[in-house]
Amino acid sequence: MTKEKTIAQFLNVQKFPFFIRDEKGNELYFENDEEFWIRSEYDSNNKITYYENSDGYWSKNEYDSNGKEVYYEDNDGIIFDNRSKLEISMEEIAEWKGVNVSQISIKE
């Protein structure tokens, strides 16, 4: 089994550290001369949404409309989930469906 080339090896880069940045200056890729690399993705607000490195570590992030982190997950099994949940009353469901509340039952 042959080891896959890193991006720097594929491009025959000789000068390190090697970086790839997007048009906003966000660091999408980093590699050093010891073949350690980091890959990152960002949302439209320049917040990191995905991170991984050559050691196998990865993490995912989500943010609300104010830029506050509402979700985090990583390869160690750590999960933080404070995303908005749908809350709706029986009265709202009845009005939406055009029925009486007494006609509604909830199934699991």
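One structure accompanies this document, and this report is about it. (Residues numbered from 1 in each chain as written. Predicted model: local features only at pLDDT ≥ 70, side-chain atom pairs only at ≥ 80, totals over all residues. Heavy atoms only, no water.)

Turning our eyes to something else, we now look at the overall build of the protein chain. For the protein chain, the helix and strand inventory stands at two helices and seven strands. In the protein chain, the order of α-helices and β-strands from amino to carboxyl end is α-β-β-β-β-β-β-β-α. In terms of overall size, the protein chain is more extended than a compact globule, its C-alpha atoms giving a radius of gyration of 23 Å where 108 residues would be expected to give roughly 13 Å. Within the protein chain, buried positions represent 22% of all 108 residues. Partitioning the contacts of the protein chain with sequence separation of at least 6, the portion at a separation of at least 24 is 4%. Surface exposure of the protein chain reaches about 8,700 Å², of which carbon and sulfur atoms provide 49%. For the protein chain, the separation between the mean place of its 13 positive charges and that of its 24 negative charges on side chains is 3 Å. (Helix = DSSP H or I, 4+ residues; strand = E, 2+ residues; numbered from the N terminus. Rg over C-alpha atoms; globule rule 2.2 N^0.38 Å. Buried < 20%, exposed > 50% of the residue type's maximum accessible area, 1.4 Å probe, protein only. Contact = heavy atoms within 4.5 Å. Areas by Shrake-Rupley, 256 points an atom, 1.4 Å probe, with all protein chains shown as cover. Lys, Arg positive; Asp, Glu negative; His and termini not counted. Charge placed at Lys NZ, Arg CZ, Asp CG, Glu CD.)

For the rest of this paragraph, the subject is a nonpolar patch on the surface. On the surface, a cluster of nonpolar side chains totalling about 320 Å² of accessible area is made up of Ile7, Phe10 and Leu11. Of the residues examined, Phe10 reaches a relative accessible area of 65% and is grouped as exposed. (Patch = residues over 30% accessible without salt bridge, like charges linked within 9 Å, V, L, I, M, F, W, Y side chains within 5 Å. Salt bridge = Lys/Arg side-chain N within 4 Å of Asp/Glu carboxyl O.)

Further remarks concern the pattern of salt bridges. Using the criterion set out here, one finds six salt bridges in the structure. Ionic pairing is found between Arg83 and Glu62, a salt bridge with its closest N-O pair at 3.3 Å. Remark: Glu62 occurs in strand E5 (residues 58-63) and Arg83 occurs in the loop between strand E7 (79-81) and helix H2 (90-97); sequence separation between them is 21 residues. Residue classification places Arg83 among the partly exposed positions, given a relative accessible area of 31%. Through salt bridges with shared partners, a single network forms among Glu62, Asp81, Arg83 and Lys85.

This brings us to the packing of aromatic side chains. This structure, assessed with the given rule, holds four aromatic pairs. Summarising the aromatic geometry, the rings of Phe19 and Phe30 are spaced 5.3 Å apart at their centres and angled 50° between planes, so their arrangement reads as tilted. You can see Phe19 sitting in strand E1 (residues 18-21) and its partner Phe30 sitting in strand E2 (residues 27-31), a full eleven residues away along the chain. Residue Phe19 is classed as partly exposed on the basis of its relative accessible area of 35%. With a centroid separation of 6.4 Å and an interplanar angle of 20°, the aromatic rings of Tyr29 and Trp37 are classed as stacked. Three or more aromatic residues joined by ring pairs form one cluster here, namely Phe18, Tyr29 and Trp37. Residue placement shows Arg21 over the ring face of Phe19; its charged tip is 4.9 Å from the ring centre. It is Arg83 that lies over the ring of Tyr71; its NZ or CZ is 4.1 Å from the centre. (Phe/Tyr/Trp six-rings, centres within 6.5 Å; stacked < 30°, edge-to-face > 60°. Lys NZ or Arg CZ within 6 Å of the ring centre and 35° of its normal.)

Treat this as a map of the structure, not an account of what it does.
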